[in-house]
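Examining the three-dimensional arrangement
The chain contents come next:
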Amino acid sequence: MKIKAKKTALPVNVINVFMLVASVVSIRVYAVNGSSNKKVPEALFPQKPLITHMYTADPSAHVFDGKLYIYPSHDIESGVVRDSSGGHFDMRDYHVFSIDEVTPNTKVVDHGQALHVDQVPWATKQMWAPDAAEKDGKYYLYFPAKDKNNIFRIGVATANTPTGPFVPEAQPIKDAYSIDPSVFQDDDGSYYLYVGGIMGGQLQRWQTGSYIEEDKYPADNEPVYMPKIAKLNADMKSLAQPLQDVVIQDEFGKPIVQGDFDRKFFEAAWVHKIKDIYYLSYSTGHSRFIQYGTSKSPYGPFTWRGKVLEPVLGWTNHHSIAEFKGKWYLFFHDSSLSDGKTHLRSVKMVELIHNEDGTIQTVDAYFGELDK
Ligand code: FUB
C-alpha cells in the first residue's frame, strides 16, 4: 500500500517507522460521517490509543509536579440513540490518567474513578469534556453536565491530589454555561475559564445572556458564535467577571463568519502560551478540523493562523496541547478502537511542532488516507 506524501504530518522519523509497518499490516474498512468506505491500513493509525481498557475522549492534559496527567471524558455504550443534541454521548464519570515518561510504548496509569454524576447534586447526565487546574496544592476539576432542566452547566470539584477523588460543589459555577470548560493559567497567576460548544453544547441558546429553548444561528455572512472567557476568582470556583466573547478573526481582522465552514468555532476551545503569544485552538464541528489563532491577550482577539489537526475517524475532533519535559504534545481522540463508532473514542498523543515563526505544523494522523 502506498502512502500519499503529505506536506505536514508527523515528524519524519516517525513517518518512516510507520511506512515500514504499513507494508505488512491488515486492512480495515471505515465509513466516516456517511461518506463512502475507504480502506485504511491499521498502521495508518500510528498513534496507538493510550488507553485500551475503556473508551476515552476529549483529553485535557496538564503537567503537575513533573508528571503528565490526562483528564478525559469516559465514553460508554448506554444505548441512547444518536441525535443532533449529542444524547448518545451519555457519559457518567471521570477517570484520571498519568504518564511518567513518553516512550514508544508509553505506560499510562489509570487512577480510577475520580467523580461520578451521582455524586453531583445538581447534575443529571452527560458528563462531557472536563479540564483540571492546580492552585496552591489543591486541584480543581471543571466539567459540564446537564442539570434537572436539561441545561448544560459547568461544575467544579476539588481534591488534594491531581487524581482525586474530587468533591463537587453543591451548585454549578454561577453564570457559567454550555460545555467544554478549559482553564488556562497565565504567567502572572491569573486563571481563565473558557467555555462553549454549538448545537448539543447549547451555546446558541445563550446569545441573549439567558437561556432560550430555541436554536437560532447567525446568517452565513454574520459573525459566528464565539467561545466565551471569564477570569476565575481566587477561590477557583466562581467567575470574577461575566462571560464574554473571545473573538476569532480572519487574516483581514474581520470576525470569522458563520459561512466560513472550515474555520468557524464549534467547540473544544483550548489555550496555550509560548513566550508572550497566546494560542487558541478549537474544533470546527461539521468540517472537523482543529484550527488555531494567536493573540497578545488571553481575551483575544485571536487571529486565525492555521490548522492544528486534520479530521480524525469519528464525527468529533477535540484536543489539548501541553508541554512535557521540553516537548510540546497534541492530545486528541479518534474512533479507531471502536471501529468507527463516533461515541466510543480513544485518546492518543503525538509530538506537536511549533515553527520558528510561531506557526504550528499541522498533524494529519493518517497521512491523508482517511476520507474527510
Ligand atoms: O464528548 C462529548 C462532546 O463531544 C464534547 O464535549 C465535545 O467537545 C465533543 O468532543
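Below: a short report on this structure. This one's a predicted model, so the numbers in the text were calculated from it and none came from an experiment.

This part is about the environment of M349. Tracing the chain through its elements places M349 in strand β23 (residues 346-351). In this structure the C-alpha to C-alpha distance between M349 and I321, which are 28 residues apart in sequence, comes to 9.5 Å. Residues contacting M349, with those up to four places away along its chain left out, are Q47, L50, L68, I99, V102, Y329, L330, F331 and F332.

The next thing to look at is the site of the ligand. As a structural note, the neighbourhood of the ligand is formed by D58, M91, W128, A129, I179, D180, E267, T316, H318, H333 and R345. A distance of 2.5 Å separates an oxygen atom of the ligand from a polar side-chain atom of D58. The contact in question runs from an oxygen atom of the ligand to an N or O atom on the side chain of H318, over 2.6 Å. For the ligand, whose accessible area on its own is 280 Å², the fraction buried by protein is 99%.

Sheet strands line up and pair through hydrogen bonds in the backbone, either parallel or antiparallel. An order of β21-β22-β23 is seen for the 3 strands of this open sheet, with the pairing classed as antiparallel. Only two strands of the sheet have a single neighbouring strand rather than two, namely β21 (320-324) and β23. Pairwise comparison of adjacent strand axes, ignoring direction, gives a mean angle of 30° for this sheet. Note: strand β22 (residues 327-334) against β23, 6 bridges, orientation antiparallel. Within the sheet, the bridge partner assigned to Y329 lies in β23 and is E351.

Per the stated rule, a full pass over the model turns up 14 aromatic pairs. An angle of 85° between the planes, with centres 6.0 Å apart, marks the rings of F89 and W128 as edge-to-face. Taken as a pair, F89 in the loop between β4 (67-75) and β5 (93-99) and W128 in the loop between β7 (123-125) and β8 (131-135) lie far apart in primary sequence, 39 residues in all. Take F89 and W128: they sit in the same class, and that class is buried. By the ring-pair criterion, three or more aromatic residues cluster together here, those being F64, Y69, Y71 and Y139.

The rules behind each value
Residues numbered from 1 in each chain as written. Predicted model: local features only at pLDDT ≥ 70, side-chain atom pairs only at ≥ 80, totals over all residues. Heavy atoms only, no water. Helix = DSSP H or I, 4+ residues; strand = E, 2+ residues; numbered from the N terminus. Contact = heavy atoms within 4.5 Å. Near = heavy atom within 4 Å. Polar contact = N/O pair within 3.5 Å; in protein donor to acceptor, adjacent residues only side chain to side chain. Areas by Shrake-Rupley, 256 points an atom, 1.4 Å probe, with all protein chains shown as cover. Pairing = 2+ DSSP bridges. Axes fitted to C-alpha atoms, helices over the stretch in contact; angles between N-to-C directions. Phe/Tyr/Trp six-rings, centres within 6.5 Å; stacked < 30°, edge-to-face > 60°. Buried < 20%, exposed > 50% of the residue type's maximum accessible area, 1.4 Å probe, protein only.

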